[in-house]
Amino acid sequence: DTVNVRASSLVNENEKQELLNTFYVKFGIAIPKYYILEDSLAIDLNRDKLIDTLVVLSPVSLEDLKYSDCKIETVPRRVLVEIINKGSYSKIRKIHSNLISNIGGVLSKYNGLFVTKKGFEIHHQSGSRYSWNYITEFTTQYQDSILLVRIEKTCSLEGNDKKDEYLFNNKSLQAINVNDTIQNNCNCDDLWQKLES
């Protein structure tokens with residue numbers, strides 16, 4: 001199976017063509033050089049007792065200054081890829097472009113994938129004096145898909161925290177967009193003002 005890139009227009013430059021048409025193999029799938037492997041998590045995604053893999057791929061334009069002006073996609077996006085282990089081969093089940101921060105480089109706010117009892121979490125965080133943590137938790141209890149079960153948001157100012165938790169009854173992943181939330185400081189601005197006074 002191969003991860004494909006949705007190029008915004010016909011790409012002619014040799015360097016861009018090489019990024020799109022040269023591949024490396026990892027976890028049994030072909031990945032274009034356009035993507036850097038940022039993170040991975042071994043987990044059973046479809047309850048078949050075989051270890052599958054979640055992979056976070058990041059466009060080179062978000063990670064390497066050399067490629068920062070390399071416009072292959074209109075909006076470069078990190079993606080979360082579900083790779084299903086079929087025993088003798090691997091298959092891509094789903095690619096999600098709405099669950100991981102698209103902010104470039106060290107400021108990306110993405111902080112990792114973590115296993116939970118019933119699935120996994122994706123962590124994002126930012127700041128020091130004024131800070132926030134944003135955790136999305138997903139269940140892998142269903143054979144054909146992963147679903148959102150919880151969001152936890154913590155806004156902090158100099159050690160004073162305010163935590164909110166939102167529970168969902170197995171919400172579809174298409175209904176959320178992490179980038180909208182984190183680009184707005186997880187809506188912590190009002191709370192920070194209250195904590196200051």
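Every chain begins its residue count from 1, and numbering advances along the sequence as written. Given that the model is predicted, a residue must reach a pLDDT of at least 70 before its local features are reported, and side-chain atom pairs must reach 80 or more before they are shown or counted; all residues, however, enter totals for whole chains, interfaces and linings. Water and hydrogen atoms were dropped before computing side-chain values, which therefore reflect all heavy atoms in the structure.

## Here we look at the overall build of the protein
Here is step 1: Counting its secondary structure elements, the protein contains four helices and 11 strands.
Here is step 2: Viewed in the frame of its principal axes, the protein has a C-alpha envelope of about 55 × 45 × 25 Å.
Here is step 3: Only protein chains enter the calculation, and the probe is 1.4 Å; a residue is then buried if its accessible area is under 20% of its type maximum, exposed if over 50%, and partly exposed in between. The buried share of the protein, reckoned over its 197 residues, is 47%.
Here is step 4: Counted over contacts in the protein with a minimum sequence separation of 6, partners at least 24 positions apart contribute 49%.
Here is step 5: For the protein, the exposed surface amounts to about 10,700 Å²; the carbon and sulfur share of it is 46%. Helix and strand assignments come from DSSP, with helices taken as H or I runs of at least 4 residues and strands as E runs of at least 2, each series counted from the N terminus. Contacts were defined at the residue level, with two residues in contact if any of their heavy atoms lie within 4.5 Å. Accessible areas in this description were obtained via Shrake-Rupley with a 1.4 Å probe; residue shielding takes into account the shown protein chains only.

## Observations regarding the pattern of salt bridges
Here is step 1: Only one rule defines a salt bridge in this text: a Lys or Arg side-chain nitrogen within 4 Å of an Asp or Glu carboxyl oxygen. Going through the model one piece at a time under the given rule, you end up with 12 salt bridges.
Here is step 2: Between Lys 91 and Asp 1 there is a salt bridge; the shortest N-O distance is 4.0 Å. With Lys 91 in strand β6 (residues 90-96) and Asp 1 in the segment before α1 (14-21), this residue pair connects regions lying 90 residues apart in the sequence.
Here is step 3: With a shortest N-O distance of 2.6 Å, Arg 93 and Glu 82 are connected by a salt bridge. Here Arg 93 is found in strand β6, whereas its partner Glu 82 is found in strand β5 (residues 79-85), with 11 residues between them in sequence.
Here is step 4: Bridged by salt links that share partners, the residues Glu 121, Glu 137, Arg 150, Glu 152, Lys 163 and Glu 165 form one connected network.

## Structural notes on the sheet that holds strand β7 (residues 110-115)
Here is step 1: DSSP bridges decide pairing: two strands pair if at least two such bridges lie between them. Read across the sheet, five strands follow the order β7-β8-β9-β10-β11 without closing on themselves; strand pairing throughout is antiparallel. In this open sheet, the two strands that pair with only one neighbour each are β7 and β11 (160-171). Averaged over all neighbouring strand pairs, the angle between strand axes comes to 15 degrees, with direction disregarded.
Here is step 2: Direction of pairing for strand β10 (residues 147-157) relative to β11: antiparallel, over a ladder of nine bridges. Note on β11: the bridge partner recorded for Ser 156 is Asp 161.
Here is step 3: Axis definition: a line fit to C-alpha positions, over the contact stretch in the case of helices; interaxial angles, taken between N-to-C directions, run 0 to 180 degrees. Helix α4 (residues 189-196) contacts β9 (130-139), β10 and β11 of the sheet and is inclined by roughly 35 degrees relative to β10.

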